[in-house]
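Secondary and tertiary structure notes
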Amino acid sequence: QVHLVESGGGLVQAGGSLRLSCAASGRSFSSYNMGWFRQAPGKEREFVAAINWSGGNTYYLDSVKGRFTISRDNAKNTLYLQMNSLKPEDTAVYYCAAAGKGQRLSLPTTYDYWGQGTQVTVSS
C-alpha cells in the first residue's frame, strides 16, 4: 500500500510558475514508477508526465514539453512537478500516481495508487 499526498497547487497568473510535490508513505517509493495527471472540469483525466523508478527516464505530454519538469527524490520519498510558463489551459486538478508494474505510463489504468489531487488555476 502507498499513500500519496499532493501539495503546492494554487492560483497563478499566466506565465508564472508553480512546483507541485507528492509525498509518499508506505511501501518502498523507489520501486514505483510515478506519474502526474490532471483533470479539468468536464474533461477526462489527462496524462501530464511520468518518471521511472530510478529517475533515469521521463515522459511528457507534448503540450507541456519544455515547460514542465518531473523529478523525484527517492531519499525523501517525494515526487515533483515543476511547472513554468503556465497557461490558462493548464488549469485543472493535478494528481500524482504510483505504478507498481506496467510500462504504459501514459495510461491511468497502469497506476495502482492515487493522491487526492491539488488544484492549479492559471488566470489570463
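Scroll up to find the structure this text is about.
Calculation notes
Residues numbered from 1 in each chain as written. Predicted model: local features only at pLDDT ≥ 70, side-chain atom pairs only at ≥ 80, totals over all residues. Heavy atoms only, no water. Helix = DSSP H or I, 4+ residues; strand = E, 2+ residues; numbered from the N terminus. Contact = heavy atoms within 4.5 Å. Buried < 20%, exposed > 50% of the residue type's maximum accessible area, 1.4 Å probe, protein only. Pairing = 2+ DSSP bridges. Axes fitted to C-alpha atoms, helices over the stretch in contact; angles between N-to-C directions. Core = buried A, V, L, I, M, F, W, Y, C linked by side-chain atoms within 4.5 Å.

1. Observations concerning the environment of Leu61
Note on placement: Leu61 falls in the loop between strand E6 (58-60) and strand E7 (68-73). Taking C-alpha positions, Leu61 is 8.5 Å from Ser106, a pair spaced 45 residues apart along the chain. Beyond its immediate sequence surroundings of up to four residues, Leu61 is in contact with Arg38, Glu46, Phe47 and Val48.

2. Thoughts on the environment of Leu11
Along the chain, the position of Leu11 falls in strand E2 (residues 10-13). Leu11 gets classed as exposed once you look at its relative accessible area, which sits at 67%. Linking Leu11 and Thr58, residues 47 residues apart in sequence, is a C-alpha distance of 26 Å. Sequence-distant contacts of Leu11, that is, excluding residues within four places in its chain, are made with Thr121 and Ser123.

3. A few points about the sheet that holds strand E3 (residues 18-26)
With respect to topology, four strands assemble into an open sheet ordered E1-E3-E8-E7, the strand pairing being antiparallel. Each end of this open sheet is capped by a strand with a single partner; those strands are strand E1 (2-7) and E7. Within the sheet, the average angular offset between the axes of one strand and its neighbour, ignoring direction, is 15°. Pairing of E1 with E3 involves six bridges; the strand directions are antiparallel. Bridging from a neighbouring strand, His3 pairs with Ser25 of E3.

4. Here we look at the environment of Val93
As for its position among the elements, Val93 is in strand E9 (residues 92-99). Note: C-alpha distance between Val93 and Ala50 (43 residues apart in sequence) is 16 Å. Among residues more than four places away in sequence, those in contact with Val93 are Phe37, Arg38, Gln39, Gly117, Thr118 and Gln119.

5. Brief notes about unusual backbone geometry
In this structure, Asn77 is a non-glycine residue whose phi angle is positive, near 55°. Along the polypeptide, Asn77 turns up in the loop between E7 and strand E8 (78-83). One non-glycine residue, Ser85, lies in positive phi territory at about 50°. Mapped onto the elements, Ser85 comes out in the loop between E8 and E9. By relative accessible area, Ser85 is classed as partly exposed at 41%.

6. Description of the nonpolar core
Formed by 29 residues in total, the largest nonpolar core has its most connected members in Leu4, Trp36, Leu79, Leu81, Met83 and Tyr94. Elements represented by at least two residues in this core include exactly E1, E3, strand E4 (33-39), strand E5 (46-51), E7, E8, E9 and strand E11 (118-123). Setting aside residues up to four positions removed in sequence, Leu79 forms contacts with Leu20, Ser21, Cys22, Phe29, Met34, Gly35, Trp36, Ile51, Ile70, Ser71, Arg72 and Cys96. If you look at the next biggest cluster of nonpolar residues, it comprises seven residues, including Phe37, Ala50, Ala97 and Leu105.

So, to be careful, I would describe these as geometric facts and stop short of saying anything about function.
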